[in-house]
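Single-letter residue listing:
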Amino acid sequence: MNTKIAREIIENAIREGRVYLNEIESKKIAAAYDIPVVKIDVAKSMDEAKNLANKIGYPVVLKIFSPDVLHKSDVGGVKINLKSESDVEKAYNEIMDNVKKNVPNARIEGVVVQEFAPFGLEVIIGGLYDQFFGPTIMFGLGGVWVEVLKDVTFRLAPIDENEAEDMIKEIKGYALLKGYRGQPPVSIDAIKRALANASKLMYDNQEIKEMDLNPVLAYPDSVKVVDARIILRTKE
Ligand code: ADP
Ligand code: MG
């Protein structure tokens, strides 16, 4: 763990008067707390995007990098599973066109190029600073499970790995984590480590109002964060 990195990123954002941390900053903070994230970097041009894709290794994902776009796929700003330079070129142009059309005044800083994580069970790790209770940690399954069924559970942060395991076991969708319809079970150990570390992240950095690691892909032996958003509290 290198928790100093997280402090530096947060303090820098506060100095700049920002409450939204970008995807790179948010993932660096998660990684600083030993939560596994995909390899990621920013490209400011098409050429840089191609170079980064070659460096990271195919397949890759391209996402819009803009302080004015919070929900990237809603505006056509995410292209996944790109397998070649020509895929990257096409995706780059499509993302730029989509974002310019859908968010005309968006400041575009480039694209994020990242490792494409293979199919896995989508889970969500969240954090919320509650005005009465202070930092809290949330866990749930991704997709319709959280949107329609609200199958999530909360604790006050920080939690240890035993408490994290209790959280994992108490969601209704727990059966899915243990394997379903021929799918292998995912690593409960990897999820509980990520949850305990995320709870420490929330506890150590109480300027954070909201953290959304969504989705986190869960595999038989590991987890990987593919999207991360952190919002800071504003001083009233
Ligand atoms: P949004 O801002 O719309 O939430 P995301 O970064 O979550 O954008 O991307 C949308 C979806 O694309 C994710 O929910 C996930 O299914 C998929 N995705 C994003 N990044 C990756 C990645 N690195 N590897 C694999 N799938 C990804
Ligand atoms: Mg997302």
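Preceding block: the structure.
So, here's what we can say about the structure. Small disclaimer: the values here were computed from a predicted structure and weren't measured.

Of the regular secondary structure elements, the protein holds eight helices and 11 strands. Taken over C-alpha atoms, the radius of gyration comes to 18 Å for the protein, in line with the 18 Å a tight globule of 236 residues would show. For the protein, the C-alpha atoms occupy an extent of roughly 50 × 45 × 35 Å along the three principal directions. Relative to its 236 residues, the protein shows a buried fraction of 49%. Considering only contacts in the protein between residues 6 or more positions apart, those separated by 24 or more positions represent 62%. Accessible surface, the protein as shown: approximately 11900 Å² in total, 51% of it carbon and sulfur. Between the mean site of the 32 positive side-chain charges and the mean site of the 36 negative ones, the protein shows a separation of 1 Å.

What follows covers helix α1 (residues 3–15). Here α1 is 13 residues long and its end C-alpha atoms lie 19 Å apart, about the 18 Å a rise of 1.5 Å per residue gives. Looking at α1, one finds that the buried residues are Ala6, Ile9, Ile10 and Ala13. Viewed end-on, α1 has its buried residues packed into an arc of 95 degrees, placing them on one side of the element. Facing away from the buried side of α1 by more than 90 degrees, the exposed set consists of Lys4 and Arg15. Of the surrounding secondary structure, the elements contacted by the buried residues of α1 are β1 (20–21), α2 (23–32), β9 (208–218) and β11 (228–232). One or two positions beyond α1, positive phi appears at Gly17, with a value near 70 degrees.

Below, the discussion takes up the site of ligand 1. Contacts to ligand 1 come from 18 residues, most closely from Lys63, Lys72, Ser73, Ala117 and Asp227. Within the contact set of ligand 1, an oxygen atom lies 2.8 Å away from a backbone nitrogen or oxygen of Lys72. Between ligand 1 and Asp227, the relevant distance is 2.9 Å, taken from an oxygen atom to a side-chain nitrogen or oxygen of the residue. In isolation ligand 1 offers 540 Å² of accessible surface; the protein chains occlude 84% of this area. Of all the cavities here, the one that holds ligand 1 is the largest pocket. Mapped onto the shell around ligand 1, the elements with two or more residues apiece are β3 (60–65), β4 (78–82), β5 (110–115) and β9.

About the thresholds
- Residues take numbers from 1 onward in each chain, read along the sequence in its written order.
- To label them, take the chains in the order written and letter them from A, then take the ligands in the order written and number them from 1.
- With the structure being a predicted model, the display of local features is reserved for residues of pLDDT at least 70 and the display and counting of side-chain atom pairs for 80 or more, all residues being used for whole-chain, interface and lining totals.
- Hydrogens and water molecules were not included; the side-chain quantities draw on all heavy atoms of the structure.
- In DSSP terms, a helix is any run of H or I states spanning at least four residues, a strand is any run of E spanning at least two, and both are numbered starting from the N terminus.
- Only C-alpha atoms enter the radius of gyration; for comparison, a globular chain is expected to reach 2.2 Å times N to the power 0.38, where N is the number of residues.
- Note on exposure labels: buried denotes an accessible area under 20% of the residue type's maximum, exposed denotes more than 50%, and partly exposed covers the range between, all computed with a 1.4 Å probe on protein chains only.
- Throughout, a contact is declared for two residues whenever any of their heavy atoms are within 4.5 Å.
- In this description, accessible areas are obtained by the Shrake-Rupley approach with a 1.4 Å probe, and a residue is regarded as covered only by the protein chains that are shown.
- Charge counting treats Lys and Arg as positive and Asp and Glu as negative, with His and both chain ends excluded.
- To locate a charge, take NZ of a lysine, CZ of an arginine, CG of an aspartate or CD of a glutamate.
- Helix span is expected to be 1.5 Å times the residue number reduced by one.
- Directions drawn from the helix axis to the C-beta atoms are what define this arc.
- Near is defined per residue: the residue qualifies when any heavy atom it owns lies within 4 Å of the molecule or strand.
- Side-chain atoms alone can form a polar contact between residues adjacent in sequence; in general such a contact is a pair of N or O atoms within 3.5 Å, and within protein one must be able to donate a hydrogen while the other accepts it.
- With a 1 Å grid spanning the protein atoms alone, the term cavity applies to any set of points in which a 1.4 Å probe fits but cannot get out, the term pocket to an open set with protein on both sides within 12 Å along at least five of seven lines, and the term lining residue to any residue with an atom within 4 Å of a point.
- Cavities and pockets are treated as containing a molecule whenever more than half of the molecule's atoms lie within 2 Å of their grid points.

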